[in-house]
Structure formats: C-alpha cells, structure tokens
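# Structure at a glance
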Amino acid sequence: RLNLSDSTRDPVNPLAVQWAREHAADLVVAPADVRALIRALVVRSHEEGIAPEDLARLIRETIGLLPRQVEAVANFRQRLASDPDVTLTALQARVARYAGAQRRARALAISRTELVGSVNAGQQALWQVATQQGIIRQDDFEQVWLITDDDAVDEEICEPLADTTAPLGEPFAGGIMAPPAHPQCRCGLGLQLTAQTR
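Criteria and thresholds
- Residues numbered from 1 in each chain as written.
- Predicted model: local features only at pLDDT ≥ 70, side-chain atom pairs only at ≥ 80, totals over all residues.
- Heavy atoms only, no water.
- Buried < 20%, exposed > 50% of the residue type's maximum accessible area, 1.4 Å probe, protein only.
- Helix = DSSP H or I, 4+ residues; strand = E, 2+ residues; numbered from the N terminus.
- Axes fitted to C-alpha atoms, helices over the stretch in contact; angles between N-to-C directions.
- Parallel < 35°, antiparallel > 145°, perpendicular 65-115°, else oblique.
- Contact = heavy atoms within 4.5 Å.
- Nonpolar A, V, L, I, M, F, W, Y, C, P; charged D, E, K, R; others polar.
- Expected span 1.5 Å × (residues − 1).
- Lys, Arg positive; Asp, Glu negative; His and termini not counted.
- Salt bridge = Lys/Arg side-chain N within 4 Å of Asp/Glu carboxyl O.
- pLDDT = per-residue confidence, 0-100.
- Core = buried A, V, L, I, M, F, W, Y, C linked by side-chain atoms within 4.5 Å.
- Phe/Tyr/Trp six-rings, centres within 6.5 Å; stacked < 30°, edge-to-face > 60°.

Among all positions of helix α2 (residues 14-23), only Leu-15, Ala-16, Val-17 and Ala-20 are buried. Ala-25 sits one or two residues past α2 and shows a positive phi near 70°.

Right, dumping it as structure tokens:
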C-alpha cells in the first residue's frame, strides 16, 4: 500500500518504477534477454536519475539494428563502394560510423519512449491511489493530454490529442490510454478539474 504523504519526500515515483519493472521494453524488437536488460536499465534510470541521453548510451551497448537500419547501412555501403575515389579503409570507417549513428538513434528512441511510458503510467497509477485513499474525487478531475508544442511534435497523432481530456483511468480519443502514442513521443499527462467542478 502506497502512502502518498510519505512519497512527497522522494522525487522518484515508485509506481513508475513498478510499471517499468513490469512493462518496460515490451514493444522493443529484440530477443527476450535484451528486452530484460533494457527493462533493468529503465528501472535504474528512474531510481538513479539517469538522463535519457545517458540511458541511451547504456542501451546502445545492448541492442542491434532493426532490419530497415541494416538495409540502410547496406545501401550506404553500396553507394560508397561504387565511388572509385573511396578507398577500402575509408569505406570501412565511414560504414562503421554510419552504423554507429543508426544504433545511437535507435537507442535514444528506446530510451525516450520507455521513460515517457513509465512516467505517464506511474502518474496515472498515483492518481488511482489518490482516488482510492480519498485524496481526490474521481468525478472532480480528468486527465489532460499535454504535448511538447514545437516543430518535432507528431502532427498526425499527438497534435490532435493536445489538450483533450479523458476521465481518470479511461482512454483518450482513439483508445490511447496514455503517452507514448508512438516511438519518441514526448507527450505527458496533466490533471485538471472537470468542467462541472470549475
């Protein structure tokens, strides 16, 4: 049983950590042992305050490339190989750098997506606990979808959800329970009074 008054001294949301321990990396395309390792790293990130970029560096050591990334590396190598001015040594070095960049990109995508997922699931779990303990009344509050309003926001998925609301514990439009709505989603959830209680 979580006592919310005790948890105010600790900035780590234990429910986010619990969610990460149970669900992080479930959607990562990788063997089970690699997913388990990523899950453990996400939990450590919450518990130790590891930043997303640093978590990505740790994840990068555990993952391979997705099939489409492998194909991109092969295509890059083929383009370089067709250039008579590129030596074999230069080709190998450039392909290795390109493959490394692909791994870094995948690791950062996993890091951001898993942290957003666990933070938002943990937030929803805290609201549920607060409701069960009588700290808030479920009928008085609703969750609101918050976007990072910049050029990187997903215009098809997240932008239409901006500032939309859903009852606590219920899905948003399209059946989405909480961010992340897609890989590298940076959205969050807020809590606001319902229209009838404002």
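Attention shifts here to the packing of α2 against helix α3 (residues 32-48). Where α2 contacts α3, the axes come no closer than 8 Å and their chain directions differ by 170°. Judged by the angle between their axes, α2 and α3 are roughly antiparallel. Contacts between α2 and α3 involve Ala-16, Val-17, Ala-20, Arg-21, Glu-22 and His-23 on the former and, on the latter, Arg-39, Val-42, Val-43, His-46 and Glu-47. For the contact of α2 with α3, the class distribution of residues is 5 nonpolar, 2 polar and 4 charged.

For α3, with 17 residues, the first-to-last C-alpha span of 24 Å sits near the 24 Å given by 1.5 Å per residue. Within α3, the full set of buried residues consists of Val-34, Ile-38, Arg-39, Leu-41, Val-42, Val-43, Ser-45 and His-46. Of the surrounding elements, those touching the buried residues of α3 are α2, α4 (52-60) and α6 (88-132). Count one or two residues on from α3 and you reach Gly-49, which has phi positive near 70°.

Relative to the assigned elements, Arg-106 resides in helix α6. Within the buried set, Arg-106 has no salt-bridge partner at all; the shortest N-O distance to an opposite charge, 9.3 Å, is to Glu-114. Sequence-distant contacts of Arg-106, that is, excluding residues within four places in its chain, are made with Val-28, Val-29, Ile-63, Gly-64, Leu-65, Leu-66 and Gln-69.

Attention now goes to the confidence of the model for the protein. When pLDDT is averaged along the protein, the result is 92; 95% of the residues meet or exceed 70. Element-level mean pLDDT values for the protein span from 50 in helix α1 (residues 4-7) up to 97 in strand β1 (residues 141-146). Note on residues 5-9: pLDDT is under 50 here. Beyond four places in sequence and across chains, it has 0 contacts.

Before going further, it helps to examine the nonpolar core. A general feature of soluble globular proteins is that nonpolar side chains tend to end up buried together. Membership of the largest hydrophobic core comes to 18 residues, with the highest contact counts inside it found for Ile-38, Val-42, Leu-55, Ile-59, Ile-63 and Ile-110. Residue assignment for this core shows that the elements contributing at least two residues are α2, α3, α4 and α6. In terms of residue count, the dominant contributor to this core is α3 (5 residues). When sequence neighbours within four positions are dropped, the list of residues in contact with Ile-38 reads Ala-25, Val-28, Ile-59, Thr-62, Ile-63 and Ile-110. Among the nonpolar cores identified, the runner-up in size contains 14 residues, and Trp-127, Ala-130, Ile-136 and Ala-178 belong to it.

In the structure shown here, the tally under the stated rule is 6 salt bridges. For Arg-39, the salt bridge goes to Asp-26, with nearest N and O atoms at 3.0 Å. Remark: Asp-26 occurs in the loop between α2 and α3 and Arg-39 occurs in helix α3; sequence separation between them is 13 residues. Among the residues examined, Arg-39 registers a relative accessible area of 19% and is labelled buried. According to the relative accessible area criterion, Asp-26 is partly exposed, its value standing at 41%. Here Arg-57 ties to Asp-54 by a salt bridge, and the two come within 2.6 Å at their closest N and O atoms. With Arg-57 and Asp-54 both in helix α4, this residue pair falls 3 residues apart, about one helical turn. Since its relative accessible area comes to 35%, Asp-54 is described here as partly exposed.

Here we come to the packing of aromatic side chains. A complete count under the given rule lists 2 aromatic pairs for this structure. Centre to centre, the rings of Phe-76 and Tyr-98 are 4.4 Å apart; their planes meet at 15°, and the pair counts as stacked. In this pair, Phe-76 is assigned in helix α5 (residues 67-81) and Tyr-98 in helix α6, connecting sequence segments 22 residues apart. Geometrically, the ring pair formed by Trp-145 and Phe-172 is edge-to-face, given 5.1 Å between the ring centres and 80° between the ring planes. Of this pair, Trp-145 sits in strand β1 while Phe-172 sits in the loop between β2 (165-167) and β3 (188-193), and the two are 27 residues apart along the sequence. As far as burial versus exposure is concerned, Trp-145 and Phe-172 are alike and both buried.

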